[in-house]
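# Per-entry structural report
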Amino acid sequence: MDLLRQYQNDDVPDSPPQNPNSPDSSPPRLIPSRSAAPTVDDTMLALTVTSASSSSKPIDPTQHAVAFNPTYDQLWAPIVGPAHPYAKDGIAQGMRNHKLGFVEDAAIEPFLFDEQYNTFHKFGYAADPSASAFNNYVGDFDALHKNNAVSVYNIPKHEQKKRKIEVKSKQDNDEEEDANGDGGEEIDNPASEAWLLKNKKSPWAGKKEGLQGELTEEQKKYAEDYAKKKGEEKSGFGGDKAEVVNDKSTFHGKEERDYQGRSWIAAPKDAKASNDHCYIPKRLVHTWSGHTKGVSAIRFFPKHGHLILSAGMDTKVKIWDVFNSGKCMRTYMGHSKAVRDICFSNDGTKFLSAGYDKNIKYWDTETGQVISTFTTGKIPYVVKLNPDDDKQNVLLAGMSDKKIVQWDMNTGQITQEYDQHLGAVNTITFVDNNRRFVTSSDDKSLRVWEFGIPVVIKYISEPHMHSMPSISPHPNANWVAAQSLDNQILIYSTREKFQLNKKKRFAGHIVAGYACQVNFSPDGRFVMSGDGEGKCWFWDWKSCKVFRTLKCHEGVCIGCEWHPLEQSKVATCGWDGLIKYWD
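About the cut-offs
- Residues numbered from 1 in each chain as written.
- Predicted model: local features only at pLDDT ≥ 70, side-chain atom pairs only at ≥ 80, totals over all residues.
- Heavy atoms only, no water.
- UniProt positions renumbered as here; feature names shortened; annotations may be inferred.
- Helix = DSSP H or I, 4+ residues; strand = E, 2+ residues; numbered from the N terminus.
- Buried < 20%, exposed > 50% of the residue type's maximum accessible area, 1.4 Å probe, protein only.
- Contact = heavy atoms within 4.5 Å.
- Pairing = 2+ DSSP bridges.
- Axes fitted to C-alpha atoms, helices over the stretch in contact; angles between N-to-C directions.
- Expected span 1.5 Å × (residues − 1).
- Arc of directions from axis to C-beta.

Going by an unreviewed UniProt entry, the protein carries the name Pre-mRNA-processing factor 17 and comes from Lupinus luteus. For the record of the protein, the UniProt heading Subcellular location (unreviewed entry) holds the text "Nucleus".

And the structure:
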């Protein structure tokens, strides 16, 4: 204890003993410990431990960098962990950083290598691949300065042109020398070698000079066939191809006239509307299946609806019985391609059909005869007769070349062209007591025209507008409903201003990309439309709310028509080739 006390007080000078409880006494100090072990530098020891742990740790094949220098055994070690018996791993899976290290591309791209390789063999110089940039060269420096360091792939255009001229002039000189050496008289003799050498030309030398000799019979026949083929292509609708499809019709009913002599298209006398109130259909009552491809449009017989006309993508137009047998009554065959649109005359005795074969045909409904055919060489997207009874000979067609063409069917002459649209014309809708008509187009605009005057009186085009492939007038004639391709139906006024009614907007269906037709019930209380999922949607006109949806078709429900007399009957058609009747 004396030694400890002495050790503790070695550095402290002698002082009188103090009372530990007195306020002037200092607190006891802690004595730092001293280690008798020698100081050892453990830096190398830490490195050794780290390297040992890293050497035993497997290499992750997905990592892009390794923090240490791995050994040969580590690189060749298999990927650690369970392997799927059928799944690929490592380089077979396309892993660039695999068990043998990180795989990198070569130092030079294949195209650059080929360019420098060919340049060196042609000019004697090339870019140094070991340099960081291609500004150091190896090889013949004289040739390098002479050619301005160009490669075989970037010879200037003026240099190429100069070389072509030099080569051509050299060939001409050689031919002249050869010809002169063989004798001047033989140059004019076509049977001599000198004449052949002088007048020979490459197949790529362009048109032959001089007069064309007499054609052989085989050449004449080939020229005639070629001119005929070109004429068909230029005419736009195939010439002979269109004539191959003869206009014909097949009657499928029992008899064309009944015992009283009435035609099969005559409306039943007792057909009349029971009341003016329409109802939404609930169930399927009949299905017409006769088209081998999709049905693009359907139209009820005007005023009575005892027959329904359908346009098929199988090039045929069919008319079906609605009231009695429910069978196909007649098939009209005259188009060589799919039928796009159909339109009845006011009395239903005649109708129009427009096909992708660029023809518009005017049919007699009863006999199936083609009265006349119209074409401009372009595809008609929509056909419409003037609704006035005294103008039933006036045909309007919206064409794929942005025009609305007006024919007088009595004379077969084009009487007017409405040419203001910037895209293919999709719809023609008469408004304002048939004095005006509204057209829509792929140019995402609406245009209003005075009938007979090719000047737009109202042009509607907004940045938010989409293309409108179908337009239908409201029964009260004050509104038109336009099917917009942004999955909504817009309502426009047919008064003087033709303004958009922002309060009425019908949405919920999916029609983007499909020209689904929109329609009204006869009393105007309901709006209906097909959609791309095969449903038929019904909205209430006043509240704009969805009233009911019916799953009608597999695929697209492209068309829907409300029966003109029976208030709860609706017909739909789709791309599944079926026409369905709902009650």
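## Topic: the environment of phenylalanine 526
Relative to the helices and strands, phenylalanine 526 resides in strand 28 (residues 526–530). By relative accessible area, which is 2% here, phenylalanine 526 ends up buried. Residues phenylalanine 526 and lysine 542, spaced 16 residues apart in sequence, show a C-alpha to C-alpha distance of 8.5 Å. Setting aside residues no more than four positions away along its own chain, phenylalanine 526 makes contact with Cys278, Ile280, Asn519, Phe520, Ser521, Trp539, Asp540, Trp541, Phe547 and Trp562.

## Some points on the sheet that holds strand 6 (residues 284–289)
Where strands meet in a sheet, backbone hydrogen bonds hold them as pairs that are either parallel or antiparallel. Within the open sheet, the 4 strands sit side by side as 6-33-32-31. Their pairing is antiparallel. With partners counted over all chains shown, the strands left at the sheet margins are strand 6 and strand 31 (557–562), one partner each. When the angles between neighbouring strand axes are averaged without regard to direction, this sheet yields 20°. As defined by bridge partners, strand 31 adjoins strand 32 (residues 570–574) across 5 bridges and the pair is classed as antiparallel.

## Thoughts on unusual backbone geometry
Of note in this structure, lysine 402 is not a glycine but carries a positive phi near 75°. Along the chain, lysine 402 turns up in the loop between strand 16 (394–399) and strand 17 (404–408). One non-glycine residue with positive phi stands out, namely asparagine 434, at about 65°. Mapped onto the elements, asparagine 434 comes out in the loop between strand 19 (425–431) and strand 20 (436–441).

## Some words on the pairing of strand 21 (residues 446–450)
When you tally the buried positions in strand 21, you get 4 out of 5 residues, the bulk of the element. Relative to strand 21, strand 20 runs antiparallel, the two sharing 5 bridges. Its bridge partner being in strand 21, arginine 436 is matched across the sheet by glutamate 450. Here strand 20 hands over to strand 21 after 4 residues, with lysine 444 in that stretch at a positive phi of 60°. In sequence, strand 21 turns back onto strand 22 (residues 453–460) through a hairpin of 2 residues, with glycine 452 there showing a positive phi of about 90°.

## A word on the pairing of strand 30 (residues 546–551)
Pairing of strand 29 (residues 535–540) with strand 30, which is carried by 5 bridges, proceeds in the antiparallel orientation. Opposite tryptophan 539, over in strand 30, you have valine 546 as the bridge partner. Between the antiparallel neighbours strand 29 and strand 30 lie 5 residues, among them cysteine 544 with a positive phi of about 65°.

## Some thoughts on helix 4 (residues 110–123)
Compared with an ideal rise of 1.5 Å per residue, which puts 14 residues at 20 Å, helix 4 spans 20 Å between its outermost C-alpha atoms and is within 8% of the ideal. When helix 4 is considered as a whole, its buried residues turn out to be Glu115, Gln116, Thr119 and Phe123. Considered in projection along helix 4, the buried side chains sweep an arc of 90° and stay on one side of the axis. Among the exposed residues of helix 4, those pointing more than 90 degrees away from its buried face are Pro110 and His121. Summarising the contacts, the buried residues of helix 4 are in contact with strand 3 (125–127) and helix 5 (141–146). Two residues or fewer past helix 4, glycine 124 is found with a positive phi of approximately 95°.

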